[in-house]
Structure formats: C-alpha cells, structure tokens
Amino acid sequence: MATAANTTAGPAKDGAPAPNAPAPPKTLNGIVKQVLSGDTVVIRATKGAPPPEKQITFSHVLAPKLARRPGAGGDETKDEPWAWESREFLRKKLIGVEVTFTYDKPANSNREYGFVWVGKDKETGENVVESIVREGLVTVRREGRPTPEQQTLIELEDQARAANRGKWAHNVNPADKVRNIKWSHENPAHIVDIYGGKPVKAIIEHVRDGSTVRAFLLPDFHYITLMIAGIRCPGVKLDADGKPDLSVKVPFADEARYYVETRLLQRDVEIRLESVNNSNFIGTILYPKGNIAESLLREGLAKCVDWSMAVMKTGADKLRAAERVAKEKRLRQWQDYQAKTPAFNSKEKDFTGTVVEVFNGDAINVRLANGQVKKVFFSSIRPPRDQRAVVGTDGEEIVKAPPRGKNYRPLYEIPHMFEAREFLRKKLINKKVQCNLDYISPMRDNFPEKHCYTVLIGGQNVAEAMVAKGLATCVRYRQDDDQRSSAYDQLIAAEQQAIKGQKGLHAKKDNATLRVNDLTVEHSRIKVQYLPSWQRALRTEAIVEFVASGSRLRLYVPKDSCLVTFLLAGISCPRSSRPALNGVPAQEGEPYGDEALTFTRERVLQRDVSVHIDTTDKAGSSVIGWLWTDQNVNLSVALVEEGLAEVHFSAEKSEYYRLLKSAEDRAKAAKKNIWANYVEQVPEEKVVVEEDKDEKVVVERKVNYENVIVTEITDTLTFFAQSVDNGPKLEALMNKLHADFQANPPIAGSYTPKRGDLVAAQFTFDNQWYRAKVERIQGNNATVLYIDYGNKETLPISRLAALPPAFSSEKPYATEYALALIALPADNEDKEEALRAFSDDVLNHKLQLNVELKVGNGPHLATLHDPTTKTDLGKQLVADGLVLVEKRRERRLKELVEQYRTAQEAALAAHLAIWKYGDITQDDAPEFR
C-alpha cells in the first residue's frame, strides 16, 4: 500500500473528475486510523510498525466542513451545521475497526476516492457511505449521468429527506448543530481549577509524539495541547528555526507515537488535568486499559520525568514501578541499561531501631536491638546551608562558603538549621523508627561514605515532613540516576507545596539567624547577667546539646537563648576517656568513667530537661546545679544509685542529700560498678527495715472525701472550692460584714492599699462588700482576690476599704486546688474547650473532693467526684480527649495514674478532641498528626 499525505483539508466541492480511461478500482483491507470529516478517513495497513497509511474520500458525497483552528493553514472557521455529527457518526463506527475499501485516483486529482465496507468482505459488510447517506449526514452529488452506485446513494438521500433525518430535519435549527469551540485559553490554570482534578471526558484529536497530544474536553469543547504527566517519549528533533526536522530519525520516536495513536487517537478517554506548563496542559490520560503513561513506561517507550511527576496528585509510584519493569527487561530505550544501585544484604537494607541523636537536619544515630548504633542519612534531601555558598541550578554548591571563625556554630548561625534540628529532635529522639536503605553515596571531597535511608515513624516519611515544612530541600538528579529516595516523587511534591506556601527556607522574608549567647566562651556574663535569675527560678527548662562526661554537660536555655556548661551538683563522677584531638594526645579515663558518660548520654542527650542552678564553679566558667530528666528523675541521684558516681561533701547542705545518701547506700549494698570491691560497713538489715517502713508510708493513697462547692475556675485549671460544712458560717459572716458596712460606710479615697493587704472590696456586680486580698496595684486601680470565693477583679482603689479587725481573723472560706494528674493542651482553642467543659461539670456544683498530694507552696492536688454518678471528673475530661495526663512519679499515685493513662490511651485510639489528628505528645507538627 502506498503512503498518502495525512491532510485535514476537506474534499473539493466540484466533485471527482471523471478519468479519461477508467481503471477498475483496487480493493484492499485495512484498519481505520482516523476520521478527518464525514466523508474522509485515514486507513492504515494491518502490518508494519508504523504501517503505511492511505487517505480515502468517499465517492459521490459531500460532508459539511468541520471548523478550522486559527493558524492551521488559514484563518479560523466555524463548523458547518451537522459537520460534527457526521464526523462523530463515522468515528464511533469505524475507529480501530478492520474494513474493506476500494479506491481509484482520477488522472487530474490529488485525491483518492472510493467506498468503505465494515469487515473483511464487501459483499457481506456494511457499506459505510450508504449508511451515512441514509442517516442524512452528507449530501449526494447529483451532477452528470449517475453511476449505479451514485443512483443508489441518490435514492437513499431521498428517503432520508422524506424521513426528516439528520440535516434534512425541518424541526432542528441548523445553528444548534454548530459547536462553540474554545481554541485558546487566556488563563489555562483556571481551566485546571474548574475541573478540580476530576477526570473529564475527552476525545484525542491528534498525537504529536508519544507524550504530547491535542484533545477536545467534552462537553464544552475546550481544545487543549496536553503533555502526559510524569513521562517523556522520544520526539521529533527541531531545526535551528524551531521546526520539526524530519530528516533526523530519533530512535523509538515513531514507534512511541504509533503506540499511542493505535490506543488513543480519536478514542473516548478521560483526562485528569494536573497543572499547566506555559500554554500547555499537564495531565493524566485514562483509557479502557488504564493509564497510558504506565503502558508506555512498561514498554520502554517513555521515561519518568521528575518535574512533571511533581504535579501529579496520585499515581507517581505506579509510574516508577512501570519504568522499573522496562529497565529490568531492558526494553527499547533501556536496552543498554545497567543498574547503578549496589545490592544490599537484608540486615543492612532494612532495620528498626531507636533514635538516640539528631545531627544538623540531615542525619540521625539509631540504636539497634543489639546495642549497635548506626548513622542514618535521610535520602534525597539537603538541610539548610550557609547562605554565602553559591548554589547551581541542580542544588549543588558551585562555590563553597568561606571559612568562619573559631567559635562558628552552624546549628545556630545558619538560618532554619536549628529549627530543622528541633523538628527532628522533638519528633524522633527516643522513638522507634523504620529505616529502609535506598542507596549508598560514595566517599567524595573528604566526606565518608553515606548510607541513605527513607526513615518512617508511624508509617510517615520523616524527610517528606521536613521538606513540607520548608526545613529541607530536595536533591536534583540526572534523569538516569537511580541513586535516590524510594519516595522521591512525594518529596518533590512536598517541596512544591512548601514553595507555594512560602514555608521555611522558601519564605520571601530574609531568613534571620538565631542569636545565641555562648556562655561557654563568654564566661564573664554568667554571674552578672544570668545567674541571679536562674537562682531565683524554681526550675529552668533547657536542652542538653552535648555530654562531655557523666556529670559535665552543655545546655541550651531557650528562655535566655544561651549556651552554658553545666555541672551536676552533689556528686563526684569518674572522668571519661578522651580521644586525640587537634594535636592533644588521647587520655585514658578513670574506671567506670565511660560507663557514666554512656549512662548520662542515653538519658539526657538532646532531651528536654529542667534544671535548678545553685552557683558557679570557682573559675565562673560553668554553672553547678540539679538536673531532672524528661521523666522527672534527678540525674545526680540516678548516677549515684547506679554506682557510677559518689556523693560529694558539698551535697550535705542540699535538700537532696538524704536521697543521694540513700541511693549511695543501695549502690554499695549491691556492689554496683565503682562499689564492686566495697566492704559493707553498716548492717544491711537495718537499712532495709527503715526502707520498708518508708515504703508503707509512701505507697499508701488516702481517700477522705470532703463535700465542697466549686466557686471559681482559673485559666490554668486550678479551682477554688468551699466546704459545704462551712456554708452556714460563711453566710453568717457575710451578713454581718454587709450590715457593718451598711451601718458605717467607708469614706471614698480615705484608704491607701498595699500589695498583700487583706481589705474589704466592693464587688462591682452587686455593690456589696467582701473580704479580699490585694494582688497588684496599677495606678488608681487594684487587682484583688475575693478570698472566700476565689474570683478576681480589677477595680478603682476608691472601692477598697480597711477590713475591720473582727472580720480578719477567720481563714478564707475558699481554698485553691489544682486538678490532680491533669495538664491542659498547648493549643489555645483546645485549652478553652477543656476549661469550658470543666466549668460546665463543676462550677457551682456540690461535689466530693479528695486531696491526693499536698504541695509545699502551691495548690494541693485534688480529684473531684460527682456524688450522684460516682464519676471522677478529671478522669472523665481525659476520657473525652479534652486534657492530657500529667507525668507524676509519686508511688502513692501509681494506680490512679495508670487509670488516667488508660483513659487517655482510649481517647487517643478513638481520635477524640485533641487527639483527632493523632498523638500530640510527640510534636505539634500537622504533617504527623
């Protein structure tokens, strides 16, 4: 079969000229590739890839002309009425169907005319020309003496006219049969938004190459050029003018185009628009057998494209899998493929462990079950870097940043580095993670070999969460580089979202560095600027940044944004060994020094701790104090009890001396570590008996319910309660007080209150006088606490008066308590909801109160119970998912804590209230919720 030109021009209206010496028409078989109009089709041979084609114009008929898009060989034209319907009649009947056809070519014509029958035999097959005439969708030419075939068509047309079929219908407005085609789009992104990522019906009108098509979106007839998302097929090379150069044959380009044409051209498909690239759309094409992109990749006719895959909402992983199939089989474009990824043994490839240390945003140390610690780098991401470095388009540093000074600390001085480290620290430290090895990065530029993993916590990709928050960027690879994360497409998509949301590194504002006062260098500022406030504070929150030995640490104090060297008070710890560094020879450690170092590292390194600072060392370069772990364990006591430190004489004046001494005695008795050769001095039995007695006192929880009425709730979840038994006394006192002030009203302004005074205050709501305590003076106003009810008010000093002595001797009738074992959530909205629920449950209700723990200076910890339902109201708040359970270590509360924790775990499992997005105690990050 000879190849004919594939042109979309319609047939000439003057009909086919009669040949001078007509030859008998040729009869052939083929498959209909394309319908150009209601009277013209393109038929391809049944063999060849791609096979030869022939364009056939139906003899003796003329179809309405289809619209022509602007720039396609002329000006824009509109459909003639019924042009689309005639084209569609043939398309639905013939596309992809095997047909028999005859044709001849008049001597003075450049077209070939003929008839087409469905099937392999024209004797039994349907005559398509007759069918379209019968439907009234074309006009039969009537000039000249009709041939028998032409006469048959004339008769069929007359029948169609009589039956009002198609274009001969009298009751159809021809204008209704003209499409309103949108050839171009001023705002392509708006079209994507209109369809909202949902599949839209479409017809593929042209296949430019294997990964680029033109299509009509139905039913609105948006004409679009579509680049198939996630892939790229070989295409035609362009010349210097940007036009296709057909003289250059690109391997597999024709085969890829033919593959798509045979499956999509003029087929009904669904297109899911993903994004736009200039004036072209990017999307996924779904045909009856699935996603065409997957098919092309499986056959080795396409390759994955990272930038395009990034815009895909779903399915990127399936494209990668399809490409892997072609690589493994070495199909077509992959015929010379050699895998670059080395083989890993199963133990090296995947493992589960506990995170013990986080490095600067791109790596962690993970301890395995056997105690081995492995350094794990996150695959395919880069942490924040020095902004003075010059970075290329692929993300690689072209020019490294110039060296910094001696005391340069990249963790704090590189913008967002500390934020990235903190995100990982809060999320991962002491948590179990799953590590899946993706690749091993070879040693280069004096950097050692890196094992790069996808790290999962709770099934979520940590690197993806980092990128989504703008705390890391994705590494860009060559298209044929397989050394990348197994979740690379998700990383790219997360980065695009972070850029769009201007998060972290992608924010438009200047990225300021974290200003940190390094007191490990500037010792002189410790005593003058920081020590007094640290000594006054009951506890100060800190992060352990480095552990030098069992009792020597470096802390970062967020409140003051400073680094300081911290020594554990009350103990003497053996010195650990030190490696050779900067020309200083290695030093051997004292016995059990390294064990003490390990003990401390495992419990506090990169953990949130609280400290109380007592003083400084003699040189004033370090602070000395007490440290409590995130489990509220005194680290000095823990080291002594483990036999890794001994009590220092300086602890004798400390409030923790008794605890330290008892811990040391137990370590000696057990001959732990440094006490392995210790000779017992004191009979062990006596100590044990005393401990047993103490144990009985400590572990017993007393329950002694008191009937109370809750009169006030604070925003920190403390509450004021009055004893029901004292109700008559309080009422009598108030009546007497009101009567006294009514009989002897004070003179306004005659009294000058001071902070801490017990006064009479005139309550704004009812203008009655009540006992109150002055908490604060601000100009002419005072804030007072009504001691018999617990509520506070700020009012003018003129509404205060001296309290008569007769009313000052009685104790306050309202006592402040803290709800035992309960902590409010950090989120303000969650906190308000918890307070609202607690208020509804207890305010002005008669309840039963039990003091669980007496606290020295603060409110006692108490539980509240509804006498009617026997409900523990604090535990009910936990069960409703409104509050958290506080970490308490008192043994007497152990059983109660377990009950509360069980209620909390049930609320977490049911995703109630504050737990609706998951475990908020791990971190506040929304990506892990």
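Cut-offs used in this document
Residues numbered from 1 in each chain as written. Predicted model: local features only at pLDDT ≥ 70, side-chain atom pairs only at ≥ 80, totals over all residues. Heavy atoms only, no water. Helix = DSSP H or I, 4+ residues; strand = E, 2+ residues; numbered from the N terminus. Rg over C-alpha atoms; globule rule 2.2 N^0.38 Å. Buried < 20%, exposed > 50% of the residue type's maximum accessible area, 1.4 Å probe, protein only. Contact = heavy atoms within 4.5 Å. Lys, Arg positive; Asp, Glu negative; His and termini not counted. Charge placed at Lys NZ, Arg CZ, Asp CG, Glu CD. Expected span 1.5 Å × (residues − 1). Polar contact = N/O pair within 3.5 Å; in protein donor to acceptor, adjacent residues only side chain to side chain. Pairing = 2+ DSSP bridges. Axes fitted to C-alpha atoms, helices over the stretch in contact; angles between N-to-C directions. Disulfide = S-S within 2.5 Å. Domains from an automatic or database assignment. Salt bridge = Lys/Arg side-chain N within 4 Å of Asp/Glu carboxyl O. Arc of directions from axis to C-beta. Core = buried A, V, L, I, M, F, W, Y, C linked by side-chain atoms within 4.5 Å. Phe/Tyr/Trp six-rings, centres within 6.5 Å; stacked < 30°, edge-to-face > 60°. Lys NZ or Arg CZ within 6 Å of the ring centre and 35° of its normal. UniProt positions renumbered as here; feature names shortened; annotations may be inferred.

Caption draft 1: Geometry of the overall build of the protein. In terms of helices and strands, the protein carries 22 helices and 46 strands. By the compact-globule yardstick of 30 Å for 929 residues, the protein is too spread out, its C-alpha radius of gyration being 42 Å. Buried residues in the protein amount to 45% of all 929 residues. Pairs at least 24 residues apart make up 62% of the contacts formed inside the protein by residues separated by at least 6 positions. When the 131 basic and 128 acidic side-chain charges of the protein are each reduced to a single mean position, those positions are 3 Å apart.

Caption draft 2: Focus on helix H20 (residues 828-842). With 15 residues, H20 ought to run about 21 Å at 1.5 Å a step, and its terminal C-alpha atoms sit 21 Å apart, in line with that. A distance of 3.0 Å separates the backbone nitrogen of Glu829 from a side-chain oxygen at the start of H20, and that oxygen is part of Asp827. Residue Asn844 follows H20 closely and has a positive phi angle near 65°.

Caption draft 3: Molecular detail of the sheet that holds strand E3 (residues 53-58). A barrel is described by the order of its strands in space; here five strands give the closed sequence E1-E2-E3-E6-E5, paired in mixed fashion. Here the average twist between neighbouring strands, direction ignored, is 50°. Pairing between strand E5 (residues 98-104) and strand E6 (residues 113-118): six bridges, direction antiparallel. If you follow Thr102 over to E6, its bridge partner there is Phe115. Sheet strands in contact with helix H1 (residues 83-94) are strand E1 (26-37), strand E2 (40-44), E3, E5 and E6, and its direction is about 125° off that of E1.

Caption draft 4: Examining the state of the cysteines more closely. All chains considered together, the criterion is met by zero disulfides. No disulfide involves Cys233; its sulfur sits 11 Å from that of Cys304, the nearest cysteine.

Caption draft 5: Broad picture of the domain arrangement of the protein. Under the domain assignment, the protein is made up of domain 1 (26-176), domain 2 (188-334), domain 3 (351-386 + 411-506), domain 4 (517-577 + 589-675) and domain 5 (706-914). Look at where the C-alpha atoms of domain 2 and domain 4 centre, and you get two points 64 Å apart.

Caption draft 6: Seen up close, the pairing of strand E23 (residues 450-457). The buried fraction of E23 amounts to six of the eight residues, a majority that puts the element mostly inside the structure. Sheet topology note: the strand E18 (residues 373-378)/E23 ladder contains two bridges and is parallel. Looking across to E23, one finds that Phe377 is bridged to Cys452. The pairing of strand E22 (residues 432-441) with E23 spans seven bridges and is classified as antiparallel. The residue of E23 that forms the bridge with Tyr439 is Cys452. Connecting E23 to the antiparallel partner strand E24 (residues 460-461) that follows it, the hairpin turn spans two residues, and Gly458 within it adopts a positive phi of roughly 60°.

Caption draft 7: Structural view of the pattern of salt bridges. As enumerated under the stated definition, the model contains 43 salt bridges in all. Across the salt bridge formed by Arg771 and Asp788, the nearest N and O atoms sit 2.7 Å from each other. Residue Arg771 is located in strand E37 (residues 769-778), and its partner Asp788 is located in the loop between strand E38 (781-786) and strand E39 (792-796); the two are separated by 17 residues in the primary sequence. Under the relative-accessibility criterion, Asp788 is labelled buried at 1%. Close ionic contact of Glu890 with Arg888 constitutes a salt bridge, the shortest N to O distance being 2.7 Å. For Arg888, a relative accessible area of 25% corresponds to the partly exposed category. Overlapping salt bridges bring together Arg87, Glu88, Arg91, Glu205 and Asp268 as one network.

Caption draft 8: Just helix H15 (residues 593-604), in detail. Relative to the 16 Å expected for 12 residues at 1.5 Å per residue, H15 spans 17 Å between its end C-alpha atoms, a close match to the ideal helical length. Of all the residues in H15, the buried ones are Gly593, Ala596, Leu597, Phe599, Thr600 and Val604. Axial view of H15: buried residues confined to an arc of 160°, hence all on one face. Buried-residue contacts for H15 involve strand E27 (540-547), strand E28 (552-557), strand E31 (608-616), strand E32 (623-628) and helix H16 (635-641). One or two residues past the end of H15 sits Gln606, with phi positive at roughly 60°.

Caption draft 9: Spotlight on the nonpolar core. By size, the foremost hydrophobic cluster in this structure holds 42 residues, and its most contacted members are Trp534, Leu555, Phe566, Leu627 and Leu639. Examining the composition of this core, we find that five residues originate from one element, H16, more than from any other.

Caption draft 10: How the structure looks around the sheet that holds E37. Taken together, the five strands give an open sheet; going across it, the order is E39-E38-E37-E36-E40, and neighbouring strands pair in antiparallel fashion. Strands at the two margins of the open sheet, each flanked by one partner only, are E39 and strand E40 (800-802). Ignoring which end each strand starts from, the neighbouring axes of this sheet average 50° apart. Alignment of E38 against E39, held across five bridges, turns out to be antiparallel. Within the sheet, the bridge partner assigned to Thr783 lies in E39 and is Thr794.

Caption draft 11: Local environment of the packing of aromatic side chains. For the structure on display, the rule yields 26 aromatic pairs. Here Trp675 and Tyr678 contribute two aromatic rings whose centre-to-centre distance is 5.6 Å and whose plane-to-plane angle is 75°, an arrangement assigned as edge-to-face. Judged by its relative accessible area of 11%, Trp675 is buried. Here a set of aromatic residues connected by ring pairs shows up, and it is made of Trp84, Trp183, Phe216, Phe221 and Tyr223. The aromatic ring of Tyr259 is capped on one face by Arg263, whose charged end is 3.6 Å from the ring centroid.

Caption draft 12: Region of the structure containing the UniProt feature "domain: Tudor" (unreviewed entry) in the protein. Look at the UniProt record and you will see "domain: Tudor" (unreviewed entry) annotated at residues 752-810. Split by type, residues 752-810 is 0% helix and 49% strand. Its first and last C-alpha atoms lie 23 Å apart.

Caption draft 13: Here's a closer look at the environment of Leu785. Positionally, Leu785 belongs in strand E38. Assessed through its relative accessible area of 12%, Leu785 is described here as buried. The spacing of Leu785 and Arg771 is 14 residues in sequence and 8.5 Å in space, taken between C-alpha atoms. Those residues in contact with Leu785 that sit more than four places away from it in its chain are Phe720, Arg771, Ala772, Lys773, Glu775, Gly790, Asn791 and Lys792.

Caption draft 14: Fine view of the pairing of strand E44 (residues 860-866). For E44, the buried fraction is high: five of the seven residues fall into the buried class. Bridge analysis of strand E41 (residues 814-819) against E44 gives three bridges, and the strand direction is parallel. Along E44, the bridge assignment pairs Tyr817 with His860. Both strand E43 (residues 846-853) and E44 contribute to a ladder of five bridges, which runs antiparallel. Its bridge partner lying in E44, Gln848 is registered against His865. As defined by bridge partners, E44 adjoins strand E45 (residues 871-872) across two bridges and the pair is classed as antiparallel. Counterpart to His865 in the pairing with E45 is Asp872. Between E44 and the antiparallel strand that follows it, E45, lie four residues; Lys870 among them carries a positive phi value of about 60°.

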